Amino acid sequence: MRDIVCNCQMVDRKTIDKAIHEKNSTTIEEIRRYTGANTGCGKCISYINSILDTEVPKIAVKVENSTQSKFKLW
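Residues numbered from 1 in each chain as written. Predicted model: local features only at pLDDT ≥ 70, side-chain atom pairs only at ≥ 80, totals over all residues. Heavy atoms only, no water.

Engineer: For the overall build of the chain, give the residues involved together with the corresponding values.
Structural biologist: When you go through the chain residue by residue, the secondary structure sums to three helices and two strands. Order of helices (α) and strands (β) in the chain, N terminus to C terminus: β-β-α-α-α. When each of the 74 residues of the chain is scored for burial, the buried share is 27%. Considering only residue pairs separated by 6 or more positions, the chain has 49% of its internal contacts joining residues 24 or more positions apart. (Helix = DSSP H or I, 4+ residues; strand = E, 2+ residues; numbered from the N terminus. Buried < 20%, exposed > 50% of the residue type's maximum accessible area, 1.4 Å probe, protein only. Contact = heavy atoms within 4.5 Å.)

Engineer: Which residues make up the pattern of salt bridges, and what values go with them?
Structural biologist: The tally for this structure, following the rule as stated, stands at three salt bridges. Here Arg13 ties to Glu55 by a salt bridge, and the two come within 3.1 Å at their closest N and O atoms. In this pair, Arg13 is assigned in helix H1 (residues 13–23) and Glu55 in helix H3 (residues 45–70), connecting sequence segments 42 residues apart. Across the pair Glu55 and Lys58 runs a salt bridge whose closest N-O atoms are separated by 3.1 Å. Residue Glu55 and its partner Lys58 are located together in helix H3, separated by three residues, close to a single helical turn. A relative accessible area of 7% places Glu55 in the buried class. Overall, the relative accessible area of 44% leaves Lys58 in the partly exposed class. Here the salt bridges share partners, and the residues they tie into one network are Arg13, Asp17, Glu55 and Lys58. (Salt bridge = Lys/Arg side-chain N within 4 Å of Asp/Glu carboxyl O.)

Engineer: Would you mind going over the packing of H1 against helix H2 (residues 28–35) in detail, with residue names and values included?
Structural biologist: At a minimum axis separation of 10 Å, H1 and H2 run at an interaxial angle of 110°. It follows from the interaxial angle that H1 and H2 lie roughly perpendicular. Within the contact between the two elements, H1 uses Thr15, Ile16, Ala19, Ile20 and Lys23 and H2 uses Ile31, Tyr34 and Thr35. Considered class by class, the residues forming the contact of H1 with H2 number five nonpolar, two polar and one charged. (Axes fitted to C-alpha atoms, helices over the stretch in contact; angles between N-to-C directions. Parallel < 35°, antiparallel > 145°, perpendicular 65-115°, else oblique. Nonpolar A, V, L, I, M, F, W, Y, C, P; charged D, E, K, R; others polar.)

Engineer: I'd like a rundown of the nonpolar core, residues and numbers included.
Structural biologist: Residues Ile16, Ile20, Ile31, Ala37 and Ile48 are the most contacted members of the largest nonpolar core, which totals 14 residues. Of all the secondary-structure elements, those providing two or more residues to this core are strand S1 (4–6), H1, H2 and H3. The element contributing the most residues to this core is H3, with four residues. (Core = buried A, V, L, I, M, F, W, Y, C linked by side-chain atoms within 4.5 Å.)

Engineer: Describe in detail H1, supporting the description with residues and values.
Structural biologist: Every buried residue belonging to H1 is among Ile16, Ala19 and Ile20, and all of these are buried. Within H1, the buried residues cover an arc of 90° as seen down the axis, which keeps them to one side. Turned more than 90 degrees off the buried face of H1, the exposed positions are Lys14 and Glu22. Phi turns positive, to about 55°, at Asn24, one or two residues after H1. (Arc of directions from axis to C-beta.)

Below, the structure written as structure tokens:
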């Protein structure tokens, strides 16, 4: 069963996560652009914002960890 985030455009959670992690979408505007979510009635905005609040910090940690591993000081 798919976890539908935006009923108007039938955008599921997996699509939102993919936009965040593969396209580095960190704002509602970028989510709209890449997925079409939140371009209808607008009821899903709080759900999308909660997903962004949860997933965006993971991007920052991933970038920080990869940067640290590349530039180790000996």
